[in-house]
Amino acid sequence: MIERYTDWVIRWRWLVIVLSLLAIAVMTAGASRLEFSNDYRVFFSAENPQLTAFEALQKTYTKNDNVLFAIEPADGDVFTESNLRMIADFTEKSWQLPFSIRVDSITNFQHTYAEEDDLIVEDLVDPETLVAADVSRIREVALNEKLLLNRLITSSGGITGINVTIELPGIDPNAEVPKVAAAARALADEIRSSYPGTRVYLTGIIMMDNAFPEVSLSDMKTLVPMAFLGVIVVLLLLFRSFSATLITSAVIFLTILASMGMAGWIGFPMTPPLASVPLVVLILAVADCVHILIPALHGMRDGEGKLSALRESMRINFQPVFLTSLTTAIGFMTLNFSEVPPFAHLGTTTAVGVLVAFFLAVLLLPALFAVLPVRVRRQAKKQDSPGMAWLAEQVIHFRSQFLWGSVAVAMVLVMFIPKNELNDNFVEYFDESIAFRTDSDHVNENLTGVGTIDYSLDSGEEGGVANPGFLRQAKMLAEWFRQQPEVHNVNAITDIFERLNKNLHGDDPAWYRLPEQRDLAAQYLLLYEMSLPYGLDLNNQLNVDKSSTRMMVAVKNLTSTEYIALDQRASAWMAEHTPDLRTTGASPTLMFAHIGKRSIDSMLTGTIVALVLISLVLIVALRSWKFGLISLVPNLLPVAMAFGLWGLFVGRIGMASSIVAALALGIIVDDTVHFLSKYLRARRELKLSPEDAIRYAFTRVGVALLVTSAALMAGFLILAQSVFQVNWAMGALTAVAIAVALVIDFLLLPPLLLVFDRDRHTQDVLQPGVDR
């Protein structure tokens, strides 16, 4: 049947080439619909509980998407007359950022004090009237104000911040975020040039959103060309044929175009995981071509005609290539179980690419092979793959040692799996070559926490934020947070009430406490709000009917486990001490902290589904329950051993690690399929003994497995050079799994076959489909 199919492709080769190119052109057209996503929310499904909680918070209060400028004067002291004027100038210009609705800094902080019976509310710094004598007073106020210290000013006074709140219209987010980021960078450059020696650092949600497409572009511009060039060099050395290399390159290139085009047709947004698809598809497509072309070129070197060698290669390798493509596609499709939509997009797009690569490998490749002049140097027949023949003899002779040695090493490595700690840090998703990462690290270490956790405290009644009982509980919670070592700053409405109470009692420090009467507290709040300038109201802290308030907790640079632990401690403390205020934290930081565990939990199901489906495919394809079950060992063990090695040398897993098991399972099954198919061909067609069948498999497919595994490892190691940490972890861990899988297929699978297939004339082998 395969011979007739190959003859048909050869006969109608020009038609096949034209129709294949037309089909690829139609699929590629969808690439014009691809757009880079500038929204971190793309990493969360609509049902994500942390996202739901955060969106509810943002509907209640002013949105807190922001750009944070951290300013470090050249002389290292914010509190000088010239530097305060600079901060005031910078603050005023920050209002000009697109879509800005609020700007907070130490200079426009709404300072309050009493003047006889009047409450005065004014900017802490007035650049028009500022004189040297005012500086010491400004320093004292700023460094003793809870709402400023470790939020917009350091205790040393060496660095200050300007926080610009942005409200994107949402009409075209992919254009709005870059517009704000570009304007922020231009303003930072203007300050640096106007005030030489001044350092300006940029961070915040907007800058993080903008960093996602930047890393995607960086990876696509560097990693894909690097991998393509590397593949061409390797193929030239392997094939020793320009035409074979050109055919493989064409298949790879067309597969990449079709894959990304289909992503566009489906409507996937371009994200860093999706940007890795060209690289992943590239290295997977190589394997199909290698398994078909190497035997064909080998046959030609042994004296066969070009078309005859092609027919034999297609006959032998069509089924294994189909099986490996199908199982790989299954592995990637199960990424749709992931809680992270971009991983689902990666899985679907790669699965499409794998299937496209298969069809091109068995349709376009033989047609091009028949058309192009493929020249090889004929050589006298000699022993096939002497290196593999030697390895086969060692494995057969020392089967027991290899079997129990492999099992022992596997057991030791599996013991290190618990050393893997689930820890994500959303800032560290980006490499230190990305400005957002280095600036955020500097701000975290020297000014305030880039990460926050917000709590909406509900009084349960209109105007309830003025209730003394509610305020006391809110203050207790704020003070508890300030005692936690992970916390930089707490922004709470209770601090404003205490300050107003002191102001309206003649600035007597003894009255720096919460008002004890509800009507008095409500009057303070009304008087204060009426005195605030436009853009600096309390809408970021109070809802419309003043029944609830937002408490913003700025935390240090923590791992996901530490973020979750802090939130859980807060919840437990509230349950015991302020049960009426009990609420849950919500913020992008907390969303990213939970996503790793949620993704791992969801992908456990995906991995099990992948395992079951792949096992059933192999059992049906190999026509044997026994060999299908044997194949589970070299498919499952490498993944477990890879995680053990990761635990031993890295010990930190996160969002990316959640998909590696299913992804790697779909890839590493390829080696097992090719080895078992050659082994069973030797047993069933050639009637060889188990030992001779092992020799046959090693010499016929060993080199191809070595080359394709090396290509896969190299490709994923190139992916590990990504500036996006999620891609780095995915690439590195998958490369480890592929390397371990090759070793297992060479050193453990043959001894297993020799143990469980000892009867040379078993009906299970010689009469396929009958189990003994």
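Parameters at a glance
Residues numbered from 1 in each chain as written. Predicted model: local features only at pLDDT ≥ 70, side-chain atom pairs only at ≥ 80, totals over all residues. Heavy atoms only, no water. Helix = DSSP H or I, 4+ residues; strand = E, 2+ residues; numbered from the N terminus. Buried < 20%, exposed > 50% of the residue type's maximum accessible area, 1.4 Å probe, protein only. Contact = heavy atoms within 4.5 Å. Areas by Shrake-Rupley, 256 points an atom, 1.4 Å probe, with all protein chains shown as cover. Lys, Arg positive; Asp, Glu negative; His and termini not counted. Charge placed at Lys NZ, Arg CZ, Asp CG, Glu CD. Expected span 1.5 Å × (residues − 1). Polar contact = N/O pair within 3.5 Å; in protein donor to acceptor, adjacent residues only side chain to side chain. Phe/Tyr/Trp six-rings, centres within 6.5 Å; stacked < 30°, edge-to-face > 60°. Core = buried A, V, L, I, M, F, W, Y, C linked by side-chain atoms within 4.5 Å. Pairing = 2+ DSSP bridges. Axes fitted to C-alpha atoms, helices over the stretch in contact; angles between N-to-C directions. Salt bridge = Lys/Arg side-chain N within 4 Å of Asp/Glu carboxyl O. Patch = residues over 30% accessible without salt bridge, like charges linked within 9 Å, V, L, I, M, F, W, Y side chains within 5 Å.

### Comments concerning the overall build of the protein chain
Then, number 1: Per the secondary structure count, the protein chain includes 27 helices and 11 strands.
Then, number 2: Summarising its shape, the C-alpha atoms of the protein chain cover approximately 105 × 50 × 45 Å along the three principal directions.
Then, number 3: Burial statistics for the protein chain: of 772 residues in total, 58% are counted as buried.
Then, number 4: For the protein chain, restricting intrachain contacts to residue pairs at least 6 apart in sequence, the fraction spanning at least 24 positions comes to 79%.
Then, number 5: Put simply, the protein chain shows about 30,500 Å² of open surface, and 60% of that area lies on carbon and sulfur atoms.
Then, number 6: Taken together, the 59 basic and 78 acidic charged side chains of the protein chain have centroids lying 17 Å from each other.

### Quick notes on helix H16 (residues 468-482)
Then, number 1: Taking 1.5 Å of rise per residue, the 15 residues of H16 would be expected to cover 21 Å, and the 21 Å separating its terminal C-alpha atoms lies within 8% of that figure.
Then, number 2: Taken together, the buried positions of H16 are Pro468, Phe470, Leu471, Gln473, Ala474, Leu477, Ala478, Trp480 and Phe481.
Then, number 3: Packing partners of the buried residues in H16 comprise strand E8 (451-458), strand E9 (487-491), helix H17 (493-503), helix H18 (518-531), strand E10 (548-555) and helix H19 (560-577).
Then, number 4: The N-cap of H16, judged by a side-chain oxygen 2.9 Å from the amide nitrogen of Gly469 a few residues on, is Asn467.

### Section: the packing of aromatic side chains
The description of two aromatic rings rests on the distance between their centres and on the angle between their planes.
Then, number 1: A full pass over the atoms with the stated rule returns 23 aromatic pairs.
Then, number 2: Measuring from centroid to centroid gives 6.1 Å for Tyr429 and Phe724, while their planes differ by 70°, and the two rings are edge-to-face. A residue pair is termed long-range when its members are at least 10 positions apart, and Tyr429 in the loop between strand E7 (421-422) and helix H15 (435-446) and Phe724 in the loop between helix H24 (690-719) and helix H25 (725-747) qualify at 295 residues.
Then, number 3: Relative accessible area serves as the criterion here: at 0%, Phe724 is assigned to the buried category.
Then, number 4: Judged by centre distance (5.4 Å) and plane angle (80°), the ring pair of Phe430 and Phe436 falls under edge-to-face.

### Concerning the environment of Glu562
Then, number 1: In this structure, Glu562 sits in helix H19.
Then, number 2: You can call Glu562 partly exposed: its relative accessible area is 36%.
Then, number 3: The spatial distance from the C-alpha of Glu562 to the C-alpha of Gln473 is 25 Å, given a sequence separation of 89 residues.
Then, number 4: Of the polar contacts made by the side chain of Glu562, one reaches the backbone nitrogen of Thr559; its length is 2.9 Å.

### Concerning unusual backbone geometry
Then, number 1: One non-glycine residue with positive phi stands out, namely Asn150, at about 60°.
Then, number 2: Here Asn150 is to be found in the loop between helix H5 (135-143) and strand E5 (160-166).
Then, number 3: Residue Asn150 is classed as partly exposed on the basis of its relative accessible area of 25%.

### A few points about the nonpolar core
Then, number 1: One finds Phe69, Phe430, Phe481 and Phe592 to be the most contacted residues of the largest nonpolar core, which totals 217 residues.
Then, number 2: Counting 36 residues, the second largest nonpolar core, distinct from the first, contains Leu665, Val669, Tyr679 and Leu749.

### What to know about H25
Then, number 1: Along its 23 residues, H25 runs 33 Å from first to last C-alpha, staying within 8% of the 33 Å computed at 1.5 Å per residue.
Then, number 2: Along H25, 17 of the 23 residues are buried, which leaves the element largely enclosed by surrounding structure.

### Some words on the sheet that holds strand E6 (residues 199-203)
Then, number 1: Strand order in this open sheet of four strands is E2-E5-E1-E6, and the pairing throughout is antiparallel. Unpaired on one side and paired on the other, strand E2 (100-104) and E6 mark the two borders of the sheet. Each strand of the sheet is rotated relative to its neighbour by a mean of 20°, with strand direction disregarded.
Then, number 2: Alignment of strand E1 (residues 66-72) against E6, held across five bridges, turns out to be antiparallel. Bridged to Leu68 within E6 is Thr203.
Then, number 3: In the packing of helix H6 (residues 173-194) onto the sheet, the strands contacted are E1, E5 and E6, and the crossing angle to E6 comes to about 170°.

### A look at the pattern of salt bridges
Here the idea is simple: oppositely charged side chains can pair when their charged atoms come close.
Then, number 1: All chains considered together, the criterion is met by 34 salt bridges.
Then, number 2: For Glu486, the salt bridge goes to Arg569, with nearest N and O atoms at 3.0 Å. Remark: Arg569 occurs in helix H19 and Glu486 occurs in the loop between H16 and E9; sequence separation between them is 83 residues.
Then, number 3: With its nearest N and O atoms 3.6 Å apart, the salt bridge here joins Asp757 to Lys626. Of this pair, Asp757 sits in the loop between helix H26 (749-756) and helix H27 (763-766) while Lys626 is found in helix H21 (residues 625-630), placing the two residues 131 residues apart along the sequence.
Then, number 4: Judged by its relative accessible area of 0%, Asp757 falls in the buried class.
Then, number 5: We classify Lys626 as buried; its relative accessible area is 16%.
Then, number 6: Because the salt bridges share partners, they merge into one network encompassing Lys146, Glu479, Arg482 and Asp495.

### Some words on a nonpolar patch on the surface
Then, number 1: Where nonpolar side chains cluster on the molecular surface, the patch consists of Trp8, Trp12, Leu15, Val18, Leu19 and Leu22 and spans about 590 Å² of accessible area.
Then, number 2: Per element, the largest residue contribution to the nonpolar patch is four residues, and it comes from helix H2 (residues 13-28).
Then, number 3: Position of Val18 among the secondary structure elements: in helix H2.

### Remarks on the pairing of E2
Then, number 1: Most of E2 is tucked away, with four of its five residues classed as buried.
Then, number 2: Pairing analysis gives four bridges linking E2 to E5, with the strands arranged antiparallel. By the bridge assignment for E5, Arg102 is matched with Thr165.

### Quick notes on the sheet that holds E8
Then, number 1: Strand order in the open sheet formed by three strands is E8-E10-E9, with antiparallel pairing between adjacent strands. Each edge of the open sheet is held by one strand with a lone partner, namely E8 and E9. With direction set aside, neighbouring strand axes in the sheet form an average angle of 20°.
Then, number 2: Across eight bridges, the pairing between E8 and E10 is antiparallel. If you follow Asp454 over to E10, its bridge partner there is Met552.
Then, number 3: Where H16 meets the sheet, its contacts fall on E8, E9 and E10, and the angle it forms with E10 comes to roughly 5°.
Then, number 4: Strands E8, E9 and E10 of the sheet are contacted by H19, whose axis makes an angle of about 20° with E8.

### Thoughts on the environment of Pro272
Then, number 1: Relative to the helices and strands, Pro272 is located in helix H9 (residues 272-275).
Then, number 2: With 451 residues separating them in the primary sequence, Pro272 and Val723 have C-alpha atoms 9.6 Å apart.
Then, number 3: Once residues within four sequence positions are removed from consideration, Pro272 is found in contact with Phe43, Phe212, Val215, Ser216, Phe724 and Asn727.

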